[in-house]
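Chain residues, written in single-letter form:
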Protein chains: 2
Amino acid sequence: MKYKAEVLVQLKEEVLDTQGKAVAGSLKRLGYDEPSVRVGKYILLELDSPDLPSAEKTVHSMCKDLLVNAIIEEYSVKLEESR
Amino acid sequence: MKYKAEVLVQLKEEVLDTQGKAVAGSLKRLGYDEPSVRVGKYILLELDSPDLPSAEKTVHSMCKDLLVNAIIEEYSVKLEESR
């Protein structure tokens, strides 16, 4: 069965988001009231798995092994069957 | 009033996602069945605005001016009042 996982990866609250600061500064120079900006990664995965629990397990394992740096990042996963 | 906007920026379907390919290849080398992977940006904005429609207009304008390269990227916006 095919599953689609949407993984949102963000820097932890206490970590300085230099990219976010840079984007906020550029928006200010473009004339906007300076918003607060945090930039993260949006990863869309499509994988084969026998069932939902094992798909979930695989995605979390992929996050742990490669997609997320657990020291400075946190993540959330939205998983559904691919249509 | 404070508003929170979640902007998801992705490469258009027809654009080759080299970053996604690299991540998929690394997952394969780690022993996973090679998933299809697309990597995009997740941008969290907090901005002041008199009301929801003008907050929406501002965020789309920020996307057009800076956050999204409309030639190769597409985006979606989720907007709500900050609690």
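Up top you'll find the structure we're talking about.
What comes next concerns the included structure. (Residues numbered from 1 in each chain as written. Chains lettered and ligands numbered in written order. Predicted model: local features only at pLDDT ≥ 70, side-chain atom pairs only at ≥ 80, totals over all residues. Heavy atoms only, no water.)

**Concerning the packing of helix α1 (residues 18–29) of chain A against helix α2 (residues 52–67) of chain B**
Then, number 1: Direction vectors running N to C along α1(A) and α2(B) enclose 105°, while the axes themselves pass 11 Å from each other. Here α1(A) is positioned roughly perpendicular relative to α2(B), judged by the angle of their axes. Across the interface between the two elements, A:Val23, A:Ser26 and A:Leu27 of α1(A) pack against B:Met62, B:Leu66 and B:Leu67 of α2(B).
Then, number 2: For the contact of α1(A) with α2(B), the residue count by class is 5 nonpolar, 1 polar and no charged. (Axes fitted to C-alpha atoms, helices over the stretch in contact; angles between N-to-C directions. Helix = DSSP H or I, 4+ residues; strand = E, 2+ residues; numbered from the N terminus. Parallel < 35°, antiparallel > 145°, perpendicular 65-115°, else oblique. Contact = heavy atoms within 4.5 Å. Nonpolar A, V, L, I, M, F, W, Y, C, P; charged D, E, K, R; others polar.)

**Digging into the interface of chain A and chain B**
It is common to give the size of an interface as the accessible area that goes away when the parts come together.
Then, number 1: Contact residues are listed per partner, giving 27 residues for chain A and 27 residues for chain B.
Then, number 2: Between chain A and chain B, roughly 2,300 Å² of surface is buried when both sides are summed, and carbon and sulfur atoms account for 67% of that area.
Then, number 3: Put simply, chain A and chain B have 0 salt bridges between them.
Then, number 4: Across the contact surface, chain A and chain B share 12 residue pairs in polar contact (both at pLDDT 80 or more).
Then, number 5: Taken together, the elements giving at least two residues each to the side of chain A that touches chain B come down to β1 (2–11), α1, β2 (36–48) and α2 (52–67) of chain A.
Then, number 6: Ranked by the residues each element gives to the side of chain A that touches chain B, the list is headed by β2(A), at 12 residues.
Then, number 7: Residues of the side of chain A that touches chain B, tallied by class, amount to 16 nonpolar, 6 polar and 5 charged.
Then, number 8: Relative to strand β2 (residues 36–48) of chain B, β2(A) is paired through 11 bridges, and the arrangement is antiparallel. Each bridged residue has a counterpart across the sheet, and for A:Val39 the counterpart in β2(B) is B:Ile43. (Buried area = accessible area lost by both parts, 1.4 Å probe. Salt bridge = Lys/Arg side-chain N within 4 Å of Asp/Glu carboxyl O. Polar contact = N/O pair within 3.5 Å; in protein donor to acceptor, adjacent residues only side chain to side chain. Pairing = 2+ DSSP bridges.)

**A look at the relation of the copies chain A and chain B**
Then, number 1: Under the fitted operation, chain A is carried onto chain B by 0.0 Å of movement along the axis and a turn of 180°, and the coordinates agree to an RMSD of 0.0 Å. In the structure described here, the two chain copies are related by an operation that fits a two-fold rotation axis.
Then, number 2: Same-surface contact between copies: 100% of interface residues of chain A are shared with the interface of chain B. (Least-squares fit on C-alpha atoms with pLDDT ≥ 70 in both.)

**Description of the environment of A:Thr58**
All names here are of chain A.
Then, number 1: Structurally, threonine 58 can be placed in helix α2.
Then, number 2: For the pair threonine 58 and isoleucine 43, spaced 15 residues apart in the sequence, the C-alpha separation amounts to 14 Å.
Then, number 3: One polar contact links the side chain of threonine 58 to the main-chain carbonyl oxygen of serine 54, over a distance of 2.9 Å.

**So, the side chain of A:Ser49**
Residues and elements named next belong to chain A.
Then, number 1: If you trace the backbone, serine 49 turns up in the loop between β2 and α2.
Then, number 2: For serine 49, the side chain forms a polar contact with the main-chain nitrogen of alanine 55, separated by 3.1 Å.
Then, number 3: Not counting chain neighbours up to four residues away, the residues in contact with serine 49 comprise Met1, Tyr3, Ser54 and Ala55.

**Examining α2(B)**
Then, number 1: Looking only at α2(B), the buried set comprises B:Ala55, B:Val59, B:Met62, B:Cys63 and B:Leu67. For α2(B), the arc enclosing every buried residue in end-on projection is 100°, short of the 170-degree limit, so these residues lie on one face. Facing away from the buried surface of α2(B) by more than 90 degrees, the exposed residues are B:Pro53, B:Lys57 and B:Lys64.
Then, number 2: Residues of α2(B) that are buried sit in contact with α1 of chain A together with β1 (2–11), β2 and β3 (73–81) of chain B. (Buried < 20%, exposed > 50% of the residue type's maximum accessible area, 1.4 Å probe, protein only. Arc of directions from axis to C-beta.)

**Regarding the sheet that holds β1(A)**
Then, number 1: Spatial ordering of the open sheet is given by β3(A)-β1(A)-β2(A)-β2(B)-β1(B)-β3(B), a layout of 6 strands whose pairing is antiparallel. Lying at the two open borders of the sheet, with one neighbouring strand each, are β3 (73–81) of chain A together with β3 of chain B. Put simply, the sheet's adjacent strands are angled 20° from each other on average, direction ignored.
Then, number 2: Of the strand pairs in this sheet, β1(B) and β3(B) are connected by 9 bridges, and their pairing is antiparallel. Among the inter-strand pairings, B:Lys4 is bridged to a residue of β3(B), identified as B:Glu80.
Then, number 3: Contacts between helix α1 (residues 18–29) of chain B and the sheet are confined to β2 of chain A together with β2 of chain B, with β2(B) contributing the most and set at about 120° to the helix.

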